[in-house]
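Now for the letters of each chain:
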Amino acid sequence: MNVLVTGGAGFIGSHVAKALSRAGHVPVVFDSLHNGKQEAVLWGEMIKGDVRDTAQLSEVIRTNGIEAVIHLAGLIEVGESVKDPLSFYETNTAGSLSVARAMLANGVKYLVFSSTAAVYGSPVSEYLKEDHITQPVNPYGWSKLAAERIFLEASATGGLRVVPLRYFNAAGADPEGELGENHNPETHLIPRACLAVKGDIPALTVFGDDWSTPDGTCVRDYVHVTDLASAHIKALEYLVKGGESRPFNLGTGKGYSVREIIAAVSEAAHLPVPHAFAARREGDPAVLVADSGDAKAILGWQPEHSSLKELCTTAWKWFSRVE
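Residues numbered from 1 in each chain as written. Predicted model: local features only at pLDDT ≥ 70, side-chain atom pairs only at ≥ 80, totals over all residues. Heavy atoms only, no water.

**Observations concerning the packing of helix H2 (residues 54-63) against helix H4 (residues 85-105)**
To be explicit about the condition: Axis definition: a line fitted to C-alpha atoms, limited for helices to the stretch in contact. Angles are taken between N-to-C directions and run from 0 to 180 degrees. In this description a helix means any DSSP run of H or I spanning at least four residues, a strand means any run of E spanning at least two, and both kinds are numbered starting from the N terminus. Convention used here: angles under 35 degrees read as roughly parallel, angles over 145 as roughly antiparallel, angles from 65 to 115 as roughly perpendicular, and any remaining angle as oblique. Handedness of a helix crossing follows the sense of rotation of the near helix relative to the far helix, less than a right angle counterclockwise being left-handed and clockwise being right-handed. Contact definition: two residues touch when any of their heavy atoms are within 4.5 Å. Residues are grouped as follows: nonpolar covers Ala, Val, Leu, Ile, Met, Phe, Trp, Tyr, Cys and Pro; charged covers Asp, Glu, Lys and Arg; every other residue, Gly included, is treated as polar.
Contact pair H2 / H4: the axes reach a minimum separation of 9 Å and the direction vectors enclose 40°. By the angle class used here, H2 and H4 are oblique. Relative to H4, H2 is oriented so that their crossing is right-handed. Two secondary-structure elements touch here, H2 through Thr-54, Leu-57, Ser-58 and Ile-61 and H4 through Ser-98, Val-99, Arg-101, Ala-102 and Met-103. Here the contact of H2 with H4 is composed, by residue class, of five nonpolar, three polar and one charged.

**A word on the packing of aromatic side chains**
Selection rule: Ring pairs are drawn from Phe, Tyr and Trp, using the six-membered ring of Trp, whenever the two centres fall within 6.5 Å, and their geometry is named by plane angle: stacked under 30 degrees, edge-to-face over 60, tilted for the rest.
Taken as a whole, this structure holds two aromatic pairs when the rule is applied. Where Phe-113 meets Phe-151, the ring centres are 5.1 Å apart and the plane angle is 65°; that geometry is what we call edge-to-face. Here the residue Phe-113 occupies a position in strand S5 (residues 110-116), and Phe-151 occupies one in helix H5 (residues 139-156), the gap between them amounting to 38 residues. Seen in terms of ring centroids, Tyr-238 and Phe-248 are 5.6 Å apart; in terms of plane orientation they differ by 90°. Their pairing is edge-to-face.

**Observations concerning the pattern of salt bridges**
Formally: The rule for a salt bridge is simple: a side-chain nitrogen of Lys or Arg has to be within 4 Å of a carboxyl oxygen of Asp or Glu. Working definition: with a 1.4 Å probe on protein chains only, accessible area under 20% of the residue-type maximum means buried, over 50% means exposed, and in between means partly exposed.
With the rule as written, the count across this model stands at 16 salt bridges. Linking Lys-18 and Glu-178 is a salt bridge whose minimum nitrogen-to-oxygen distance equals 2.6 Å. You can see Lys-18 sitting in helix H1 (residues 11-22) and its partner Glu-178 sitting in the loop between strand S8 (169-171) and helix H6 (189-198), a full 160 residues away along the chain. Judged by relative accessible area, which is 6%, Lys-18 ranks as buried. Judged by relative accessible area, which is 36%, Glu-178 ranks as partly exposed. Shared partners join several salt bridges into a network, and the residues in it are Lys-18, Arg-22, Asp-174, Glu-176 and Glu-178.

**Some thoughts on the side chain of Thr-93**
Position of Thr-93 relative to the elements: it lies in helix H4. Residue classification places Thr-93 among the buried residues on the basis of a relative accessible area of 12%. Excluding anything up to four places from it in sequence, Thr-93 contacts Phe-88, Ser-143, Ala-146, Ala-147 and Ile-150.

**Quick word on the nonpolar core**
To keep it simple, the criterion reads: By nonpolar core is meant a set of buried Ala, Val, Leu, Ile, Met, Phe, Trp, Tyr and Cys residues that side-chain atoms within 4.5 Å join together.
Counting residues in hydrophobic clusters, the biggest one holds 32 residues, and the most contacted among them are Ile-190, Cys-194, Leu-204, Tyr-222, Ile-261, Val-265 and Val-273. Of all elements in the fold, only H6, strand S9 (204-207), helix H8 (258-269) and helix H10 (308-321) reach the threshold of two or more residues within this core. The contact partners of Ile-261, leaving out residues within four places of it in the chain, are Leu-189, Ile-190, Tyr-222, Tyr-256, Leu-308 and Cys-312. Counting 30 residues, the second-largest nonpolar core is a separate cluster that includes Val-5, Leu-20, Val-163 and Tyr-167.

**What about the pairing of strand S14 (residues 287-290)?**
Selection criterion: Pairing between strands requires that DSSP locate at least two bridges from one strand to the other.
Two elements, strand S6 (residues 127-128) and S14, share two bridges in a ladder whose sense is parallel. Counterpart to Leu-128 in the pairing with S14 is Ala-290. Bridge count between strand S10 (residues 219-224) and S14: two bridges; the pairing is parallel. Pairing of Arg-220 across the sheet is with Leu-288, part of S14.

**Re the side chain of Glu-77**
As a reminder, the rule being used: Note that His is not counted, nor are the chain ends; the positive residues are Lys and Arg, and the negative ones are Asp and Glu.
The topology assignment puts Glu-77 in the loop between strand S4 (68-71) and helix H3 (78-83). It turns out Glu-77 is buried and unbridged, and the closest side chain with the opposite charge, Lys-37, is 10 Å from it. For Glu-77, the contacting residues outside a window of four places in its chain are Asn-35 and Phe-88.

**Section: the layout of surface pockets**
The condition that has to hold: Detection works on a 1 Å grid of protein atoms alone, calling trapped sets that fit a 1.4 Å probe cavities and calling open sets with protein on both sides within 12 Å along at least five of seven lines pockets, with lining residues defined by an atom within 4 Å of a point. Grid points are joined across faces, edges and corners, and a volume is the space filled by probe spheres set on the points.
Reported here for the second largest pocket is a volume of approximately 290 Å³. Elements with a minimum of two residues in the lining of the second largest pocket: H1 and helix H7 (225-240). In terms of residue count, H7 provides more of the lining of the second largest pocket than any other element does, six residues in total.

Structure follows, in structure tokens:
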């Protein structure tokens, strides 16, 4: 299939484009390059554009014979969403509305949407299933949940078939070394631990050491970006075969604490990770772990690269080479 990958020059999007190509599909990358990197587009044509531009999206869909869309374009920094919520609604929500309109106008039915576990908000159970209450605690989560609603309601009218994929913590880097994480600014734990080892930042900040967890630090479910990419292929195949529109969680079902991450990065780098403790952040839960049983049973997805060692080793190999 010819597959439009919005945000395909980003961290996850570039890995998805690679996975599509490996699976025999033709990726067409559509990215504003606001956060994405031109050098990450190694598979498929790169078209610069903004997903809010419905006319341009429609033209790209028509001229490239697009048969399906994987929509990853959007803003992701939770802290920034609190400071500038309207930008997140404009890009993540209005941008998704534009994608839906362009698809409907051109008869493209199959859509895999990059959503987030942030739609759940504060967990009421340790393991989150897809039927967990959705009550986001920040504008980023709300902007993604609103986008889910747009797509699912368009699906209810028969115009689209959609799978929102609710990522937990994306991490790691391409095992073959061709791609890696390159956000600016970088806010994610494993990359910041790597940057601290390199001396690119003074120290990794750990928010709280008095949580109700075995070692006092927060526990999160980390899933390797290569495993996330494979889930998009599985979701697309599921839709093409007639699968119903619905969300799926993507995680491993096993959580790692911040202290465990620090130890694993240190082992990968053979160097200590400079770190300092700070007060807890408001809204952070102690433990956040996915129940991804439906993705495994229905999509046939299995995380194969998401061991703690591979998450941190592939990330360190990437960051150790980046100037």
